[in-house]
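Structural characterization, general
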Amino acid sequence: MGSVPYASFLENRKLKNFVFVIGTFLVLGLSTTNTLADEPTPGFNYKIPESIMTPDKVETSIGTLEFYDGLPTDETTRRVYDHLDTSRAMQVFLSAIPAASLEALHVGNRDMGVKASNYILIMDQLMDSPPLFLTGNTDTVYVSGVLDLKNDGPTVVEVPPGSGPGTVNDAFFRFVTDMGNVGPDRGKGGTYLILPPDYAGDLEYREGSAEVEMEIGGVTRTVFVSKSASYINWVILRGFLVDGKPDAASKMYRDGLKVYPLSQAGNPPEMHFINGSGKFFNTIHANDHHFYTELNDVIQREPIGLIDPELRGLMASIGLQKGKEFAPDERMQAILKDAMAIGNATARSIYFNTRMDGAFKWQGKLWKTGFVGGDYQWLIDGGNGGRHLDARTYFFYMATVNTPAMALKLIGKGSQYAFGDQDKDGNFLYGEKNYSLNIPANVPAKNFWSVVVYDTQTRSQLQTSQRFPSKNNKKAGLVENADGSVDLYFGPEAPAGKEGNWVETVPGKGWFVLLRLYGPLEAWFEGEWQPGDFELID
C-alpha cells in the first residue's frame, strides 16, 4: 500500500478533533444544565449535599449544640470537650480494669507482708470471708506471691509435686505461664524461670513456657522458661483438700515451694510464709477516681511496651503518661469522678444485665459463663473481629486469674465455672428472701464441686455469721437426697432440718454464686449435666 497523503491526514485529524470538541461541549452542556436546574444552597453557587453540612442547631444526648455556619459556639465547644474527656476517661477505666486489679492484688499482698519474692501469702485454713478478694474460693489452699523482675531480674519458682492449678499473670493480667497440674510439669513438680521484659540473653522462651535444659544452683535440670511483658507479676497456686482438710496442701507448699532470683540460686534466701486465713485485707481496685492513681502507678513503673500505643494515647489524653506527673486540675478532677461513676455503672451493667451473645452457659437456664467467647485473650473469631471489649470487662470486674486452662477443654484437670445471680424467673437474688438450688447427682468433677456465695458490692465472699459462705461435696454435713442429688438452701435463716445444706444471706443485700468444678469431666463440657436454677421459696 502507498502512503496516505499528508493533506488527507490533516483533514482526518481535524474531523476527529471537531467531533471530540462537539461531544465534550454537549456533555458539559448537559451537566451544566442539570446542575443549574437545582436550587443552589444559600451562600453557594451549587446545591451542596446536606450530608456534608452542619446545621446551626443540633439536638443531641448532651444537649443542644449551636454553630455559626459550621463554627461551634463557646458553649458548644465546652460541652463537647467535657463529653469527650468524660468518655475517654470512662473508656480508660473499662479498658484498664485488668491492670488496676492486678495492682490492687500487688498492694494487698504487700500490705500483708509480702515484701519480696521469697515472702508468700498462704491461706493455711482456706480463704474465708474477711478478705476483699474477687470471687475467691473457700475450698482450696491459696498461695499468693509477687515477682519483682526489675529488682530481682530472672526469677526461679520451684513448684512442689501435687500442686493444683497455678498461674503467673503480668501487670496487665495477661497470661505468662501455667504451673502445677495444668502447667507443663503436669502436677509432678517443676522448676520455672520467669524472665523480665528487658531480658536480652540467649535462653529460649515462649508464652506458656519453653522447656530448656540448664544449670541452676550447680544442678542441670529441666526448666520451664517464660518471659513476662512486665516487671511486677502475680503468682497464684491452689492446693486441693485431702479428706476435706487443708493441712496436707498447706504442708506441701510450706515444705516445697521455693522462689528466688536466679542470681542467688547458689544460696537462695529463706522462704517466709504469711498465713492470711481469718484476716481482713483488700485486693480490689477502686471504683472511684482513685482508680486513676492506681493505674498511674502501673504506668510509671512498667516498661512502655506493656500497653499498646492506642490505649497509651487514650490514657495520655486524660493526663496519664509515663514520665509525667499525674496532676488533674479542678475541671479534670470533676470529669474523672463523673467518668468513674458512669464507668462503674457500665461495668456492673455489662455483667449483671449482660446483653452479650454467649454469656449464658446453657440454653433455657440463667447460669453465666466466665469467658464469654471462650478465649483467654478475648479475641473475636480468632482476632478477625478484634477484641471483645465487653467480655474482658465482664470477666475482670468480677474475677481474677487469666489462663487458657479456664477456657480450654481439659478433661479431669483445672477448673470450670458458672455464675448464678438470678432465680428461674430472671429476678436478682435478694438477701431477705429464701431460695433453693438443686445440684443433680453425678456431678462431673474428678476432684470436687462447690458453691460459694458472694456480695454484689465487693464481689468477694458474703460476710455473715458463717465463716465460709459455701458448700462443697468434700466437707462433712452435706445431706444428699435419695437420688444422689443435693438441695442447697439460701436465706437469712436455715430451714428446719436443713442446716447442713444452708448458706446464710443478709437482708437488704444482693448476692450471687459461683459453681465450681475441679477436674471437670466430659459431661460438663458437653452440657449433659446441668445444675437447676434458683427457686424462690415462699
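Description of the structure in this document. As the structure is a computational prediction, the values presented were derived from the model and not from experiment. Per-chain numbering applies: the sequence of each chain, read as written, is numbered from 1 onward. The predicted nature of this model means local features are confined to residues of pLDDT at least 70 and side-chain atom pairs, given and counted, to a pLDDT of 80 or more, with totals for whole chains, interfaces and linings taken over all residues. The basis for every side-chain value is the complete set of non-hydrogen atoms in the structure, without hydrogens or water.

Moving on to the pairing of strand β4 (residues 119-122). Residue burial is assigned from relative accessible area. The probe radius is 1.4 Å, only protein chains are included, and a residue is buried under 20% of its type maximum, exposed over 50%, and partly exposed in between. Here a helix means four or more residues in a row that DSSP labels H or I, a strand means two or more in a row labelled E, and each is numbered from the N terminus. Side chains Y119 and L121 of β4 all project onto a buried face; the interleaved residues I120 and I122 project onto the opposite face, where all are buried too. Two strands pair when backbone bridges link them, and β4 and strand β14 (residues 272-275) are joined in this way by four bridges, in the parallel orientation. Residue pairing for β14: Y119 is matched across the bridge by H272. Paired strands are those between which DSSP finds at least two bridges. When β4 meets strand β5 (residues 141-148), the two strands line up antiparallel, connected through two bridges. Across the sheet, the residue bridging to L121 is S144, located in β5.

Bringing the sheet that holds strand β22 (residues 502-504) into the picture now. By way of backbone hydrogen bonds, the strands of a sheet pair with one another, either parallel or antiparallel. The four strands are arranged β22-β21-β18-β24 in an open sheet whose pairing can be described as mixed. A strand with exactly one partner marks an edge of an open sheet, and here the two such strands are β22 and β24 (535-537). Across this sheet, the average inter-strand angle for adjacent strands is 30°, counted without regard to direction. As defined by bridge partners, strand β21 (residues 486-491) adjoins β22 across three bridges and the pair is classed as parallel. In the sheet register, G491 faces β22, and the bridge partner there is E504. Axes, fitted as lines to C-alpha atoms, cover a helix only where it is in contact. Angles between the N-to-C directions of the axes lie from 0 to 180 degrees.

A helix's residues, less one, multiplied by 1.5 Å, set its expected span. The first and last C-alpha atoms of helix α7 (residues 330-352) sit 33 Å apart over 23 residues, in line with the 33 Å expected at 1.5 Å per residue. Here α7 has its buried residues at M332, I335, L336, A339, M340, G343, N344, A347, R348, I350, Y351 and F352. It only takes one pair of heavy atoms within 4.5 Å for two residues to be counted as in contact. Close packing links the buried residues of α7 with α2 (74-111), α5 (290-301), β15 (367-368), α8 (389-398), β16 (415-420) and β23 (510-520).

Structurally, the position occupied by L262 is in the loop between β13 (258-261) and β14. Looking at L262, the relative accessible area reads 25%, which means it is partly exposed. Along the backbone, L262 and I216 are 46 residues apart, and their C-alpha atoms lie at a distance of 7.4 Å.

One way to put it is that α2 packs onto α7 with a least axis distance of 8 Å and a crossing angle of 50°. Here α2 lies oblique to α7, going by the angle between them. Considering the relative orientation of α2 and α7, their crossing is right-handed. Between α2 and α7, the contacting residues are Y81, D82, D85, T86, A89, M90, F93, L94 and I97 on the first element and R331, M332, I335, L336, D338, A339, M340, I342, G343, N344, T346 and A347 on the second. The classification used treats Ala, Val, Leu, Ile, Met, Phe, Trp, Tyr, Cys and Pro as nonpolar, Asp, Glu, Lys and Arg as charged, and all other residues, Gly among them, as polar. A breakdown of the residues in the contact of α2 with α7 according to their chemical character gives 13 nonpolar, four polar and four charged. When describing relative orientation, an angle under 35 degrees is termed roughly parallel and one over 145 degrees roughly antiparallel, while 65 to 115 degrees is termed roughly perpendicular and anything else oblique. Handedness of each helix crossing follows the sense of rotation of the near helix against the far helix: counterclockwise by less than a right angle gives left-handed, clockwise gives right-handed.

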